[in-house]
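What the coordinates show
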Amino acid sequence: MEYEVIVGLETHAELATITKLFCGCSTKFGVEPNTQVCPVCLGMPGVLPVMNKKAFEYALKAAIALNCRIDEFTNFDRKSYYYPDLPKNYQISQNYYNLGVDGYMDISVNGTIRRIRIHNVHLEEEAGKLIHPEEISADYSLVDFNRAGVPLLEIVSYPDMRNVDEVESYMQTLRKILLYAEISDCKMQEGSLRFEASISLRKKGSDKLGNRVEIKNLNSMKSVLKAIEYEAKRQSEVLDRGGTVDRETRLWDEVSEKSARMRSKEEAQDYRYFPEPDLLPVLINEKWLSAIKASIPELPRERKQRFMEVFKLSDYDAGVITEEKVLADFFDECVKILDRPKAICNWIINDLLREVKDKKLDINNLPIKAKQLAVLVEIIEKGTISSTIAKEVFSEMIQTGKGPQTIIEEKKLVQISDEGLIEAVITKVISSNPDAIEDYKKGKKNALTFLVGQVMKETKGKANPKIVNEILAKKVGI
Amino acid sequence: MSKDIESRDVSLRLFEYTAHHLSAKILSKEICATDLVKHFLERIKSVEPHIRAYITINEEDALKKATEIDKKIGNGETTGLLAGIPVAVKDNICTKSLSTTCASKILKNFIPPYDAFVVKRLKEEDAIIIGKTNLDEFAMGSSTENSGYKITRNPWNPEYVPGGSSGGSAAAVAADLSMMALGSDTGGSVRQPAALCGIAGVKPTYGRVSRYGLVAFGSSLDQIGTLTNDVKDAAILLQVIAGYDSRDSTSMQVSVPDYLNGIDSGVNGLRIGIPKEYFAAGLNADVHNALKDALKLYERLGAKVIDMSLPHTEYAVAVYYIVANAEASSNLARYDGVRYGYRAPKSNGIIDMYSRTRSEGFGNEVKRRIMLGNYALSAGYYDAYYLKASKVRNLIKNDFDIAFQQVDCIICPTSPVPGFKIGERAKNPLEMYLSDIYTIPANLAGIPGISVPCGFSKEGLPIGMQILAKHFEEKKLLQIAYAFERETDFHLKKPVLKVSSEQR
Amino acid sequence: MKIGKKDIEYIANLSRIELSEHEKEMFVHQLSDILSYIGKISELNTENVTPMAYTIKASNVFKEDIPEPSISLEDVQLNAPDIKGVFFKVPKVIE
Ligand SMILES: [Mg+2]
Ligand SMILES: [Zn+2]
């Protein structure tokens, strides 16, 4: 039997505020456990939450960027469930009046645009972290509340995706939007961007949806895709055997690449949502909304469009450059200094990106500055160094962090354009390679290339190749 | 009548003064704070065993603080509004480094790492926190019988309850075990015990006093209030605790007027509303008569008494028990044995630890309310209970909005009965819930209320009169109450206590 | 509204409260009584009434994104029933 896979995603992104959602504790990652906590985020008796305005505005930004409808009234609800990393045993979230609803995001899959609808975007608080000791025999778990109360954006899609390509594009596109709008740093390895998938199958041609299975514990985009493939296969096998898929929540195991039941529908949580009485509603007026709208930087699609139109980059080049916001920013910065978009783009794509890939560098921490690359390109264009030397200078820049001019001066790499000097070298090369001259005269054109090479070798590659060619041609009498 | 008091033997009966009398004497160095605190501590030693108003007595710290204040006064430094005045604090209000139990075993030995906003204010105004008072566990009750530690007695008759849930605070003030006290009022928990103990109790407007540090029961209803010997003391204490706090999102940025200034403006021309629903069947005859007399007095003072109606009153208790307990069920979810408080010693996994901890740590009334609240919020029942109740709540508030277009205040009994005996209602939760029938509507509407003594029952138990006004009209309430107090002596009557020493 | 033992068991579990058989019986009776009293609100027509969760007419209360000091680890763990190093220790949690 052939089935269609129906996938919806729930995304959680930690917002890029410096303090938590309801208290003044820092959100810094990777500090000593339980040192970024206070009575409020520990859920001590008697404490009250006060909403972080920045976090709320980030969520608003996201709702706008995802084309949501934003109603004038929104408020917060308590979502109750017991878990040791949830200090109050309820999470302050939104349920009845989400901040953004009925949005969409356009994704590109193999050159075609698909519109994935967004059910809602809302703001909530992060939980702490549970640590399970290595020894399996240990009868305890440990809790660190540093993450508890960090602002979290939840984005719920409609089940509009039909294959892993679409899912991958959805995740990448969403990540890019959040990064471009400076809403979240989207560091998956730090857990600041997480996904949960819901998957169901339906017979090709039928409009009857199968039971939905939710999958949690997906720690990377790769896991999401693998888990969906695994789940689609599992469900189709169940259906082919004539069985029915249970409505349940499953946990993905990254090591075994399998999922297992966490809880069935019967054990489904009863969250008992009700309006959070400790926080007052938020009313969003037009003035505020337009100010937020104005504060949203150029999003990836517009950025790519601009690069193609203004800088005449190809679709491919513009795509690569805008894939990562840091790269696009880097490019913009370079062309602001030096108006040579094509050359700069080439250096970024061919050289910078290769270095980053080879050395497995963090893309957020580029090894050179925009100014340095712009100066390098300028030097090449001026003819101060040859493009061969330029490659050497570039690799030195990456290694040492020094600017191109410093390197050129230190290593005396300035191109030789002094015709007298070059002529002297050519004379020397001709006299010590009489065979080559002979060959050339017999019609072997590449003998000339050999001679050029010898001149470059003599000058350690610094001779201006254009001048070398000119003088050499004269000398051998063309 | 107050002259009467002042002529008494100062050295022995300091505790019978009100704060507004005493602060002047402390400032003029007629009395020193240390002596005053010592007097109270001694009295607590002899009287407390019969009243059992306190969970914790802050003896050492109180004496230390008194010495500091005396030094301050000696040095001519400026001192706060409550310099040297002993204040008792209900044990559901957090005090830094001083145990805060909510009268629950689940918070036995809990030491807050921070001060509630109101406690910070008390300290800033140089008040002396003399101890933490008993309450119904987590403020859930109307008799202080639901305490996990002790049952507080009504100073007027130890067989009777002091009311609740701020029964410890009310009894402490009535028995002169503290000069003043703070309580909390979710459905009448300040006003009802004030009435039953014959003192003044103010529940401010929701948003008038910061809830930061008040252990939450029903978050949309809770408000910290004052329990004092008279209306002027209420004005002073409210002056100290009222005001905006950036840590409480529901605390309002409304300026705090001078509550004492113009408190004697009288009630001439004032329109007093008498809601017929509050004078219906079930109202005790003594209470009814005391109220009738009070209204006659107000008329004599120039006020106009107007019959009116608050038609949705009969639904208030039902709405309250849904809303308050729904909120409570989630507010009390945090007591799980993970970060603080009691943890059951033996358990089999995390869920078992939760269930045992909570079963062993909470008393029956708390369990009942948590379950009721969870039921009202659970899948399939939310619309019929919580949502419906929220709508009816709107109708109840609307009743008041309409009423206050016609009248300046509403006067009614605080409690339908002058009091009840310990154990009398303990077995029937529903009957206990109906004790708050007259006080609950103000919490649902968020409006302020005051209870002042207005008579005594045949059994000699005090009777309270409740005055309600519009949002943020505490000043008007105090004026109206003071106009009555000035003409009567109910607030000056003191219970005759059984005490073990020579003090009385 | 009458509720039964099953209901009590369900809400006791939601509430993370363990009840003995005797307690279940007691609470079935008490909660049934209370619920039938509370049920009187259903007689009111509230078709056009908006639910009221807040008694004050205010909105948009925020704090700025400015750090404030956290509390010391000593204060964090002061009341903890069980700790291990810098962590809170709880019975094993199995997902
Ligand atoms: Mg969520
Ligand atoms: Zn914090």
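Just so it is clear, the model here is predicted, and its values are computed rather than measured.

Residues and elements named next belong to chain A. Taken together, E124 (OE), E124 (OE) and E154 (OE) make up the full set of protein donors to the magnesium ion (ligand 1), lying 1.9 to 2.6 Å away. Residue E124 is located in strand β7 (residues 112–125), and its partner E154 is located in strand β10 (residues 151–157); the two are separated by 30 residues in the primary sequence. Taking the relative accessible area as the measure of exposure, E154 reaches 8% and is therefore buried.

For chain A, the assigned domains read domain 1 (3–288), domain 2 (298–410) and domain 3 (419–476). Taking only C-alpha atoms into account, the centre of domain 1 of chain A sits 67 Å from that of domain 3 of chain A.

Glancing now at a nonpolar patch on the surface. Residues and elements named next belong to chain A. Nonpolar side chains collect at one region of the surface, where F73, Y96, Y97 and L283 lie side by side and expose about 350 Å² of accessible area between them. Here Y96 is to be found in the loop between β5 (90–93) and β6 (100–109). Under the relative-accessibility criterion, Y96 is labelled partly exposed at 36%.

Quick look at the interface of chain B and chain A now. A common way to state how big an interface is: give the accessible area lost once the parts meet. With 39 residues of chain B in contact, the opposing surface of chain A contributes 31 residues. For the pair chain B and chain A, the summed buried surface comes to about 2800 Å²; carbon and sulfur atoms form 59% of the total. Ranking the residues of chain B by area buried against chain A places S249(B), R334(B) and R339(B) at the top, with a combined share of 21%. Along the contact surface separating chain B from chain A lie 1 salt bridge.

Residues and elements named next belong to chain A. Looking at chain direction, strand β13 (residues 248–253) and strand β14 (residues 258–264) are connected through 6 bridges and run antiparallel. In the sheet register, W252 faces β14, and the bridge partner there is S259. Remark: 4 residues form the turn of the hairpin made by β13 and β14, two consecutive strands paired antiparallel; E257 in that turn has positive phi of roughly 55°.

Before going further, it helps to spend a moment on the sheet that holds strand β3 (residues 87–91) of chain C. Spatially, 4 strands are ordered β8(A)-β9(A)-β3(C)-β2(C) in an open sheet, and the strand pairing comes out antiparallel. The open sheet has two free edges, formed respectively by β8 (129–131) of chain A together with β2 (83–84) of chain C, since each of these has just one partner strand. Here β2(C) pairs with β3(C) via 2 bridges, running antiparallel. Looking at the pairing, I83(C) lines up with F88(C) of β3(C).

Moving on, we come to the pairing of strand β3 (residues 128–133) of chain B. Successive side chains on a regular strand alternate, one facing one side of the sheet and the next facing the other. All names here are of chain B. Extensive coverage of β3 is indicated by the burial of 6 of its 6 residues. Taken together, the 3 bridges between strand β1 (residues 54–57) and β3 define a ladder with antiparallel strand orientation. Its bridge partner lying in β3, T56 is registered against K132. Strand direction decides the pairing type here: strand β2 (residues 86–90) and β3, joined by 5 bridges, are parallel. Looking at the pairing, V89 lines up with K132 of β3. A crossover links β2 with its parallel partner β3, the connecting element being helix α5 (residues 117–124), and its sense is right-handed.

With that settled, consider the side chain of Q223(B). Residue and element names in this part refer to chain B. Among the structural elements, Q223 can be located in strand β6 (residues 223–228). Separated by 2.8 Å, the side chain of Q223 and the backbone nitrogen of V209 make a polar contact. Beyond its immediate chain neighbours, meaning those up to four positions away, Q223 contacts G183, S184, D185, K203, P204, T205, Y206, G207, R208, V209, R211 and L214.

On to unusual backbone geometry. All names here are of chain B. A cis amide bond links G164 to the next residue, S165, at an omega of 5°. Here S165 shows up in the loop between β3 and α6 (167–174). Even without a glycine there, the phi angle at F472 is positive, about 65°. Inspection of the secondary structure assignment puts F472 in the loop between β11 (462–468) and α16 (474–485).

Once that is clear, we can look at the coordination of the zinc ion (ligand 2). Geometrically, a metal with four donors at the corners of a regular tetrahedron has ideal angles of 109.5 degrees, and one with six donors at the corners of a regular octahedron has ideal angles of 90 or 180 degrees. The protein atoms donating to the zinc ion (ligand 2) are C23(A) (SG), C25(A) (SG), C38(A) (SG) and C41(A) (SG), with metal-donor distances spanning 2.3 to 2.4 Å. Here the zinc ion (ligand 2) binds 4 donor atoms, and the angle range of 101 to 114° at the metal identifies the geometry as tetrahedral.

Moving on, we get to the environment of K187(A). Residues and elements named next belong to chain A. Structurally, K187 is set in the loop between α2 (164–180) and β11 (193–203). Residue K187 is classed as partly exposed on the basis of its relative accessible area, which comes to 26%. Taking the C-alpha atoms as reference points, K187 and E14, separated by 173 residues in sequence, lie 9.0 Å from one another. When sequence neighbours within four positions are dropped, the list of residues in contact with K187 reads S192 and L193.

Now for α5(B). For α5(B), every residue scored as buried is listed here: F117(B), V118(B), V119(B), R121(B) and L122(B). Backbone geometry just downstream of α5(B) places D126(B) in the positive-phi region, at approximately 65°.

Residue and element names in this part refer to chain B. Taken over all residues, the pLDDT of chain B has a mean of 94, while the share at 70 or more is 95%. Every residue in residues 1–12 scores below 50 in pLDDT, and together they form 14 contacts with partners more than four places removed in sequence or on other chains. Both scores are available for the predicted complex, with the pTM at 0.91 and the ipTM at 0.95.

Residue-level contacts link 68 residues of chain B with 50 residues of chain C. Surface buried jointly by chain B and chain C totals about 5200 Å² across both partners, of which 68% is contributed by carbon and sulfur atoms. Between chain B and chain C we count 3 salt bridges in total. The partner of K367(B) in a salt bridge is E23(C), and the shortest N-O contact between them spans 3.9 Å. Connecting chain B to chain C are 14 residue pairs in polar contact (both at pLDDT 80 or more). Elements with a contribution of two residues or more to the side of chain B that touches chain C: α10 (316–331), α11 (350–361), α12 (364–377), α13 (383–406), α14 (429–433) and α15 (440–445) of chain B. Ranked by the residues each element gives to the side of chain B that touches chain C, the list is headed by α13(B), at 13 residues.

Our next topic: the state of the cysteines. Throughout the structure, instances matching the rule amount to 0 disulfides over all chains. Free cysteine: C68(A), not disulfide-bonded; nearest cysteine sulfur from C186(A) at 16 Å. For C68(A), a relative accessible area of 13% translates into the label buried. Free of any disulfide, C454(B) has its nearest neighbouring cysteine sulfur in C412(B), separated by 11 Å.

How each quantity is defined
- Residues numbered from 1 in each chain as written.
- Chains lettered and ligands numbered in written order.
- Predicted model: local features only at pLDDT ≥ 70, side-chain atom pairs only at ≥ 80, totals over all residues.
- Heavy atoms only, no water.
- Donors = N, O, S within 2.8 Å, 3.2 Å for Na, K, Ca; no water.
- Helix = DSSP H or I, 4+ residues; strand = E, 2+ residues; numbered from the N terminus.
- Buried < 20%, exposed > 50% of the residue type's maximum accessible area, 1.4 Å probe, protein only.
- Domains from an automatic or database assignment.
- Patch = residues over 30% accessible without salt bridge, like charges linked within 9 Å, V, L, I, M, F, W, Y side chains within 5 Å.
- Areas by Shrake-Rupley, 256 points an atom, 1.4 Å probe, with all protein chains shown as cover.
- Salt bridge = Lys/Arg side-chain N within 4 Å of Asp/Glu carboxyl O.
- Contact = heavy atoms within 4.5 Å.
- Buried area = accessible area lost by both parts, 1.4 Å probe.
- Pairing = 2+ DSSP bridges.
- Right-handed = clockwise from strand over helix to strand, strands pointing away.
- Polar contact = N/O pair within 3.5 Å; in protein donor to acceptor, adjacent residues only side chain to side chain.
- Tetrahedral: all angles 85-135°; square planar, octahedral: opposite > 155°, others 65-115°.
- pLDDT = per-residue confidence, 0-100.
- Disulfide = S-S within 2.5 Å.

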